[in-house]
2 protein chains.
Amino acid sequence: MEKLEELFDHIASRVNVNLKPMGIDVRSILQNSIPRERHILYYAFYALTEDHPISFKFKNSNLAGTYFLGKTLVDSSVLYKSNVRGDELKRKGDVVEFNGVKTKLFYDEVIRIINSYLVKTLVHNNSKNPETPEVFRILNSAAMHYSNIHGTTLEGVYLGAFATADLSIMHNCVIGDFAYVQAGDLSRLTVEPGRVWIKSGDLFEFNYIYPEGVIEQYVKLDENGHLTGKFVDYVDEFKEDFVPIYSTARPETDFKVPDTAYVSPYAVLKGRCVVGENALIVQRAHVEDSIIGKGSNAQENCYIKNSVYEGNDVTAHGGKVIWATVGENVFVGFNSFVHGSQDCPITIGRDSIVMPHTIIDPQECIIIPDNSAVWGYVTKQADLETQCMDLDKMAALTDLTLGNATFKGDGKAFVDAFRHRVDHIREENGAYFDGSDNTRGHAQKTRDAAFNILQPFQSGPDAGMYPTMTIGD
Amino acid sequence: MEKLEELFDHIASRVNVNLKPMGIDVRSILQNSIPRERHILYYAFYALTEDHPISFKFKNSNLAGTYFLGKTLVDSSVLYKSNVRGDELKRKGDVVEFNGVKTKLFYDEVIRIINSYLVKTLVHNNSKNPETPEVFRILNSAAMHYSNIHGTTLEGVYLGAFATADLSIMHNCVIGDFAYVQAGDLSRLTVEPGRVWIKSGDLFEFNYIYPEGVIEQYVKLDENGHLTGKFVDYVDEFKEDFVPIYSTARPETDFKVPDTAYVSPYAVLKGRCVVGENALIVQRAHVEDSIIGKGSNAQENCYIKNSVYEGNDVTAHGGKVIWATVGENVFVGFNSFVHGSQDCPITIGRDSIVMPHTIIDPQECIIIPDNSAVWGYVTKQADLETQCMDLDKMAALTDLTLGNATFKGDGKAFVDAFRHRVDHIREENGAYFDGSDNTRGHAQKTRDAAFNILQPFQSGPDAGMYPTMTIGD
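What counts as what
- Residues numbered from 1 in each chain as written.
- Chains lettered and ligands numbered in written order.
- Predicted model: local features only at pLDDT ≥ 70, side-chain atom pairs only at ≥ 80, totals over all residues.
- Heavy atoms only, no water.
- Helix = DSSP H or I, 4+ residues; strand = E, 2+ residues; numbered from the N terminus.
- Rg over C-alpha atoms; globule rule 2.2 N^0.38 Å.
- Buried < 20%, exposed > 50% of the residue type's maximum accessible area, 1.4 Å probe, protein only.
- Areas by Shrake-Rupley, 256 points an atom, 1.4 Å probe, with all protein chains shown as cover.
- Lys, Arg positive; Asp, Glu negative; His and termini not counted.
- Salt bridge = Lys/Arg side-chain N within 4 Å of Asp/Glu carboxyl O.
- Contact = heavy atoms within 4.5 Å.
- Phe/Tyr/Trp six-rings, centres within 6.5 Å; stacked < 30°, edge-to-face > 60°.
- Buried area = accessible area lost by both parts, 1.4 Å probe.
- Nonpolar A, V, L, I, M, F, W, Y, C, P; charged D, E, K, R; others polar.
- Pairing = 2+ DSSP bridges.
- Expected span 1.5 Å × (residues − 1).
- Arc of directions from axis to C-beta.
- Least-squares fit on C-alpha atoms with pLDDT ≥ 70 in both.
- Polar contact = N/O pair within 3.5 Å; in protein donor to acceptor, adjacent residues only side chain to side chain.
- Domains from an automatic or database assignment.
- Axes fitted to C-alpha atoms, helices over the stretch in contact; angles between N-to-C directions.
- Patch = residues over 30% accessible without salt bridge, like charges linked within 9 Å, V, L, I, M, F, W, Y side chains within 5 Å.

## Here we look at the overall build of chain A
Helices and strands together make up the secondary structure of chain A, namely 10 helices and 49 strands. Over its C-alpha atoms chain A spans a radius of gyration of 21 Å, differing by no more than 12% from the 23 Å that the globule rule assigns to 473 residues. C-alpha extents for chain A along the principal axes are approximately 60 × 50 × 50 Å. Buried positions account for 64% of the 473 residues belonging to chain A. Carbon and sulfur atoms form 48% of the exposed surface of chain A, whose accessible area is close to 17200 Å².

Following this line, the structure appears as structure tokens:
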């Protein structure tokens, strides 16, 4: 495994060159977080469909358990059980607009991951980086367990466990465990664990900081990359359900799914589930004893159990929803943990937004009214007084301090941006499909995917390395 | 599936351009022999080991169910459930000798399959073509079910079902069903079904022709490519045994196999089997209730059932051995059908050679003495009078007509060539492995192979086509 060891050294040095000035040394985490033999054990796979132009290049890398869809280059990187989903990559000839300036793409956009280490990380594109719209870049970066990289250029970045970098541009940044950032250019910043930060230029800024001592109960990543806490305990319970799927060359599901919906063969549907028209359940989502209503979706690393989605509901990457009734048009943000129980179920009213990185973990029933935004740490109904607000009321705000949250700026712009985005997600996912070509989304386009399986060398100095590969013209 | 249809048209036209003058039109066979949907159903896989340099290029092709090991290019071809095994490809710098002239390879040898159609065909290299030692070429050719291409350049060739082209050079040839040729340059020849023809320049020539009406009972391929007869009936019985293996991403076997032996995860071991040291059982071999003694092997498409191999026995590609006791150092040639039964078992004495394409299908016990050659169609012990000979006696021959067989030339050279070759096969397979590096063979080198799985597009005009792919530097 000499080459794999060299590769780890190489990545550590590239990340550290960028992050030493920020007080970060990733070497020990990279050395220890995943036992080396696991990098040989799992296989990578890429999806082939007629709707996504293909071009894959893999070079000097380990790709254990990683999923690829859409044009991607991986060079000198270790990707462990990650998801790289390029189904919203822009195409040659597309015109994009950034801050009122229009520019046209000269090539199909490509995801390029170089000198980086991603663990169980979700990479989804739809980048808002105006600098190089043809390239979605992850360079010299380390992203830890269950982090999300969503539409974000990363150069010299450390993302902690369950952290989310969303629609931003990041050069030399450190994002703490379970922090969420969607804040434009974040260069040379350190964001503390559990901060939820949403900022759009001078237009608005939302901030929430988790109370002291809370984050550690849910996520704790030590200096050797060992992950503990309630999130990983929850997720680990369902690990075994994925084993049969991942050991089958062409997994098949027995569940009846409407022709307009898509359940990835690499998702788990367990117990009694109903999947509605236009619904989308992607790879590594886990749905048990639940109803996924028409036009709803479950993204990568979502866990939905004993819940009802009434329709057009979006669960962003990593969202967990247990014992909940979710009204129509609800958005559950990235890595949110909405954990009801049989005795204490959770109701989320229609049109509501569960902000990214929200934890609702109560000992009593929780009812979130229709048309609300909810955020932060909620353990009882009374917490909603400081962590929930009517969206119309929020739209009228210009300034707010409420519990651990602050808001400044144009409330209407903030609410509209959320609503617009959630609607865009539904549209992209095919929630509004009516049989016509221009309403087709991921649910319809991914249906006929074939999955190609890649494995590394099993022995000798190359053990753990994947062969250099170019797929597509 | 428009592109796949175009591809079939293209291959048919290229083969026909070469073979029309020989009275052959393959269009209808290519159109009908395999239902189109099967070309989408199965996946191709290539083996990755540290001992074989890799370089795979697949372009404008369908590769359903095909296995690859070693440097290979496939362009504008349809390969259906074939085996392309390049584990004896020569390397850059190797010096080869043809007719006393030495030449050095400037590149690693590569198998190139272009404009061709192979159905369940075994391609194994170790080519003896002096023209281009860097290229093992299969061009503008159609090879039908269970044919073998072994060390043979093919340009504009039609190989019938269960036919074998062995260590030859072939331009514009037609080889009938179940014919075996090992005869140097065969350009512009038509070889009738069931002829066994072994010729080495002016040194020796062996010929055997099956009695009229026999071949049709065992192999019959109609003008629509539909295959019937006892061979395919026998093989089809065991089809289902391969299904679980081929639907698993990383098949595992429960059988205990010595560290020095290798059983491919894509082989079937069923019932009570014992596998000895240094034994080799490759992909698509089927072994049931049998003992495979030390240093013995079962090649692609071999079926061994209720039999005992005492040691260092070789079963060439497609050999079938049922209810037989096989003494040490026996060679069972390509596609031979040695079909005993519980009441009528077959005994093959040590050091014997079952010539390629022999059928032993008796209603009584058959005993082949030690150190014999046996050939042709044997249904009773008395047949051995005309179809079996002591190898030492054979070595003393210069001329012979015996039953349907004729021999002319240097008997010693003929016997020595066989013995030398069988010994070479054992050596290459690792039968003589003693722990030292220079005795390692396929059994030792293929142990740690990883298998990478390729699938075609599932829908749209590209359905059935595999993406263009380059694997390796």
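## A word on the side chain of K120 of chain A
Residues and elements named next belong to chain A. Secondary-structure assignment places K120 in the loop between β10 (117-119) and β11 (122-124). The buried charged residue K120 lacks any salt bridge partner; its closest oppositely charged side chain belongs to D236, at an N-O distance of 5.3 Å. Setting aside residues up to four positions removed in sequence, K120 forms contacts with Y80, K81, S82, H145, Y146, S147 and N301.

## Some points on the pattern of salt bridges
The tally for this structure, following the rule as stated, stands at 34 salt bridges over all chains. One salt bridge in this structure joins R27 of chain A and D9 of chain A, with 3.2 Å as the shortest N-O distance. Linking R27 of chain A in helix α2 (residues 27-32) with D9 of chain A in helix α1 (residues 2-19), this pair joins segments that are 18 residues apart in sequence. The salt bridge involving K380 of chain B is made with D383 of chain B; its shortest N-O contact spans 3.0 Å. Under the relative-accessibility criterion, D383 of chain B is labelled buried at 12%. When salt bridges with common partners are traced through the structure, they connect R85, D87 and E300 of chain A into a single cluster.

## What about the packing of aromatic side chains?
Residues and elements named next belong to chain B. Counted according to the given criterion, the structure contains 73 aromatic pairs over all chains. Here Y210 and Y377 contribute two aromatic rings whose centre-to-centre distance is 6.2 Å and whose plane-to-plane angle is 55 degrees, an arrangement assigned as tilted. Note that Y210 is positioned in the loop between β22 (204-209) and α4 (214-218) and Y377 in strand β44 (residues 377-378), a separation of 167 residues in sequence. By relative accessible area, which is 5% here, Y210 ends up buried. Look at Y246 and Y266: their rings are 5.1 Å apart centre to centre, the planes differ by 35 degrees, and that puts the pair in the tilted class. Here Y246, found in helix α6 (residues 239-246), pairs with Y266, found in the loop between β25 (262-263) and β26 (268-270); they are 20 residues apart in sequence, far enough to count as distant.

## A word on the interface of chain B and chain A
Between chain B and chain A, the residue contacts involve 35 residues of the former and 35 residues of the latter. Here chain B packs against chain A, burying approximately 2700 Å² in sum over the two surfaces, 50% of which is carbon and sulfur. Taken together, the connections running from chain B to chain A amount to zero salt bridges. Elements represented by at least two residues in the side of chain B that touches chain A include exactly α3 (38-41), β1 (44-48), β48 (450-454) and β49 (469-471) of chain B. Considering each element in turn, the side of chain B that touches chain A owes the most residues, five residues, to β48 of chain B. Classifying every residue of the side of chain B that touches chain A gives 20 nonpolar, 11 polar and four charged. Here strand β49 (residues 469-471) of chain A pairs with β49 of chain B via three bridges, running antiparallel. Its bridge partner being in β49 of chain B, I471 of chain A is matched across the sheet by M469 of chain B.

## Here's the deal with helix α1 (residues 2-19) of chain B
Residues and elements named next belong to chain B. Its 18 residues place the ends of α1 26 Å apart at the C-alpha level, agreeing with the 26 Å of an ideal helix rising 1.5 Å per residue. Where α1 is concerned, the buried positions are L4, L7, F8, I11, A12, V15, N16, N18 and L19. Summarising the axial view, the buried residues of α1 lie within an arc of 160 degrees, below the 170-degree limit, and thus occupy one face. For α1, exposure combined with an orientation more than 90 degrees from the buried face picks out E6 and V17.

## So, the relation of the copies chain B and chain A
It takes a turn of 180 degrees to lay chain B on chain A, together with a shift of 0.0 Å along the axis; the resulting RMSD is 0.0 Å. Both copies of the chain, as the preceding transformation shows, are related through a two-fold rotation axis. Interface overlap between copies is the fraction of interface residues in one copy that are interface residues in the other; for chain B against chain A it reaches 100%, indicating a shared surface.

## A look at the side chain of T66 of chain A
Relative to the helices and strands, T66 of chain A is located in the loop between β2 (56-59) and β3 (67-69). Setting aside residues no more than four positions away along its own chain, T66 of chain A makes contact with Y43, A44, F45, L79, Y80, K81, S82, V84 and R284 of chain A.

## Considering unusual backbone geometry
With the exception of glycine, the majority of residues adopt a negative phi angle, and the majority of peptide bonds are in the trans configuration. Residue and element names in this part refer to chain A. The backbone phi angle of L167 is positive, close to 45 degrees, even though this residue is not glycine. With respect to the helices and strands, L167 occurs in the loop between β16 (164-166) and β17 (168-175). Residue classification places L167 among the buried residues on the basis of a relative accessible area of 17%. One non-glycine residue, R284, lies in positive phi territory at about 65 degrees. Following the sequence through the fold, R284 ends up in the loop between β28 (280-281) and β29 (286-288).

## Points about helix α9 (residues 411-429) of chain B
Residues and elements named next belong to chain B. When the terminal C-alpha atoms of α9 are compared, their 27 Å separation across 19 residues agrees well with the 27 Å that a helix rising 1.5 Å per residue should span. Within α9, the full set of buried residues consists of G411, A413, F414, V415, F418, R421, V422, I425, R426 and N429. The N-terminus of α9 is capped by D410, whose side-chain oxygen sits 3.0 Å from the backbone nitrogen of K412. Looking one or two residues past α9, G430 carries a phi angle of roughly 90 degrees, positive in sign.

## Some remarks on the domain arrangement of chain A
Residue and element names in this part refer to chain A. Here chain A is described as being made up of domain 1 (2-235 + 448-471) and domain 2 (251-398 + 408-445). The C-alpha-based centres of domain 1 and domain 2 are spaced at 24 Å. The interface is formed by 48 residues belonging to domain 1 together with 43 residues belonging to domain 2. Between the two partners, domain 1 and domain 2, sit four salt bridges. At the boundary of domain 1 and domain 2, one finds 22 residue pairs in polar contact (both at pLDDT 80 or more).

## Examining the sheet that holds strand β44 (residues 377-378) of chain A
Residue and element names in this part refer to chain A. Across the sheet, seven strands lie side by side as β26-β29-β32-β35-β38-β41-β44; this open sheet has parallel pairing. Looking along the sheet, the strands with just one partner apiece sit at the ends: β26 (268-270) and β44. One ladder, built from three bridges, connects strand β32 (residues 303-305) with strand β35 (residues 320-322); its direction is parallel. Counterpart to K305 in the pairing with β35 is I322.

## Observations regarding the environment of L159 of chain B
Here L159 of chain B lies in strand β15 (residues 153-159). A sequence separation of 115 residues divides L159 of chain B from A44 of chain B, and the C-alpha atoms of the two residues are 22 Å apart.

## Examining the sheet that holds strand β41 (residues 359-360) of chain B
Within a sheet, neighbouring strands are paired by backbone hydrogen bonds and run either parallel or antiparallel to one another. Residues and elements named next belong to chain B. Read across the sheet, seven strands follow the order β26-β29-β32-β35-β38-β41-β44 without closing on themselves; strand pairing throughout is parallel. Two strands in the sheet have a free side with no partner beyond their single neighbour: β26 and β44. Strands β26, β29 (286-288) and β32 (303-305) of the sheet are contacted by α6, whose axis makes an angle of about 115 degrees with β26.

## What about a nonpolar patch on the surface?
Together, V274, I291 and V308 of chain A line one region of the surface with nonpolar side chains, adding up to about 210 Å² of accessible area. With respect to the element layout, V308 of chain A can be found in strand β33 (residues 308-309).

## Thoughts on the pairing of strand β7 (residues 95-98) of chain B
Side chains on a regular strand alternate between the two faces of the sheet. All names here are of chain B. Along β7, the buried face is formed by V96 and F98; none of V95 and E97, which line the opposite face, is buried. In the sheet, β7 pairs with strand β8 (residues 101-104) via four bridges, with the strands oriented antiparallel. Bridge pairing in β8 links E97 to K102. Linkage of β7 to β8, two consecutive antiparallel strands, is achieved through a turn of two residues, within which N99 is found at a positive phi near 50 degrees.

## Some remarks on the pairing of strand β47 (residues 405-409) of chain B
Residue and element names in this part refer to chain B. In terms of strand pairing, β22 meets β47 through five bridges, oriented antiparallel. Paired with N207 across the strands is T406, a residue of β47. With four bridges joining them, strand β46 (residues 399-402) and β47 adopt antiparallel strand pairing. Looking across to β47, one finds that T401 is bridged to T406. Here β46 folds back onto β47, and the loop between the two strands holds two residues, one of which, G403, carries a positive phi near 55 degrees.

## Description of the environment of R188 of chain A
Residue and element names in this part refer to chain A. By the element assignment, R188 lies in the loop between β19 (184-185) and β20 (190-191). For R188, a relative accessible area of 57% corresponds to the exposed category. Considered as a pair, R188 and N18 are 170 residues apart in the sequence and their alpha carbons are 9.8 Å apart. Sequence-distant contacts of R188, defined by excluding residues within four places in its chain, comprise M22, H171, N172 and C173.

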